[in-house]
Amino acid sequence: MSNSGERMICWAPWSGPGMEMLRFRRGHSGDAPYVANGVVLGVSDAGPYRLNYKIKIEANFQVRKLVIEVSGVDGNYSRMLRTDGIGHWRDETGAMLAELNGCLDVDIQATPFTNLLPIRRLKQKAEQQNEINVVYIEVPSLIISKARQRYTCIEPLQPGAGGVAGKYLYEGPIGEFKAELPVESDGLVFDYPGLFRRVYPT
C-alpha cells in the first residue's frame, strides 16, 4: 500500500466485456484498519450486471463485515454479513448462519481482490500449504455457500518490493481448479490466469 494509505486498481476479464475498479485503503478513525470498495461491471448468461462491495478488514486481515449489492436484468439483490473473527457469521437480520461455521475468509466470484485475504492472513513461508474454509459468493446471484480451498506459497511476500513480490498456488474447489497467482508486496493480485488481467496500473 502506498504512503498515502490507498491503492486504486483496475482489472478486466481475460475474455469478454467487463471491468473492476478497486479502492483499497487504510480505515479512518473509528473504522476498520483496512477497507476495500469495489465496483464490478460484468456480463453473465442472464445479461449485464453491476456489483458493488465493501469489506471491512481487521489488522490481521480477517474480515469484519461485508456488504455486497448487485443490479441487473434479473433485479436488485443485496447481502450483509458480519463475523466475530473465529468462524461465526450473521446476516443482515442478525440471524446466525450455522452453515458458514469455520470460515474466516470470503471469496467473491467476480473479483481477484478477495484472494488477498487468506494470503495476508496466513503469512505463509515458502512451500507452506494450508486448506481453508471460505464464504463463497456467486455472482450475480449472490448465492452464499461454504467452500474448501487450498493455498500453497511458491514465493513468499517480499515487503517493500516493487512489481511481482510473491507467488501463490490457489486451488478451489480442491481438485477441480487451480491457478498460480503473482502478487504485489501488499498481496494484491497482478494477473489471474484465464480469469482477470491488470489494466491499471500496468
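1. Focus: the sheet that holds strand S5 (residues 63-72)
If you walk across this open sheet you meet the 8 strands as S7-S6-S5-S4-S3-S2-S1-S13, and the pairing is antiparallel. Edge positions in the sheet fall to strand S7 (89-90) and strand S13 (196-200), since each has one partner strand and no second. The sheet contact formed by S5 and strand S6 (residues 75-83) spans 8 bridges and is antiparallel. Note on S6: the bridge partner recorded for Glu-69 is Ser-78.

2. What to know about the packing of aromatic side chains
With the rule as written, the count across this model stands at 8 aromatic pairs. An angle of 85 degrees between the planes, with centres 5.8 Å apart, marks the rings of Tyr-192 and Phe-196 as edge-to-face. Of the two residues, Tyr-192 and Phe-196, both sit in the buried class. Here a set of aromatic residues connected by ring pairs shows up, and it is made of Tyr-151, Tyr-170, Phe-177, Tyr-192 and Phe-196.

3. Description of the pattern of salt bridges
Inspection of the entire model under this criterion finds 12 salt bridges. The partner of Arg-121 in a salt bridge is Asp-105, and the shortest N-O contact between them spans 2.7 Å. Residue Arg-121 is found in helix H1 (residues 116-122), and its partner Asp-105 is found in strand S8 (residues 105-108); the two are separated by 16 residues along the sequence. Assessed through its relative accessible area of 17%, Arg-121 is described here as buried. Between Arg-198 and Glu-184 there is a salt bridge, with the nearest N and O atoms lying 2.9 Å from each other. Of this pair, Arg-198 sits in strand S13 while Glu-184 sits in the loop between strand S12 (178-183) and S13, placing them 14 residues apart in sequence. Residue Glu-184 is classed as buried on the basis of its relative accessible area of 13%. One continuous salt-bridge network, built from bridges that share partners, spans Arg-7, Glu-184, Asp-186 and Arg-198.

4. Points about the pairing of strand S3 (residues 34-44)
In the sheet, strand S2 (residues 19-26) pairs with S3 via 8 bridges, with the strands oriented antiparallel. Its bridge partner lying in S3, Glu-20 is registered against Val-40. Relative to strand S4 (residues 47-57), S3 runs antiparallel, the two being bridged by 11 bridges. Bridged to Ala-36 within S4 is Ile-55.

5. As for the nonpolar core
Phe-24, Leu-51, Ile-55 and Phe-113 are the most contacted members of the largest nonpolar core, which has 49 residues in total. No other element matches S4, which puts 5 residues into this core. Beyond its immediate stretch of four places on either side in the chain, Ile-55 contacts Tyr-34, Val-35, Ala-36, Val-63, Lys-65, Leu-66, Val-106, Ile-108, Phe-113 and Thr-114.

Criteria and thresholds
- Residues numbered from 1 in each chain as written.
- Predicted model: local features only at pLDDT ≥ 70, side-chain atom pairs only at ≥ 80, totals over all residues.
- Heavy atoms only, no water.
- Pairing = 2+ DSSP bridges.
- Helix = DSSP H or I, 4+ residues; strand = E, 2+ residues; numbered from the N terminus.
- Phe/Tyr/Trp six-rings, centres within 6.5 Å; stacked < 30°, edge-to-face > 60°.
- Buried < 20%, exposed > 50% of the residue type's maximum accessible area, 1.4 Å probe, protein only.
- Salt bridge = Lys/Arg side-chain N within 4 Å of Asp/Glu carboxyl O.
- Core = buried A, V, L, I, M, F, W, Y, C linked by side-chain atoms within 4.5 Å.
- Contact = heavy atoms within 4.5 Å.

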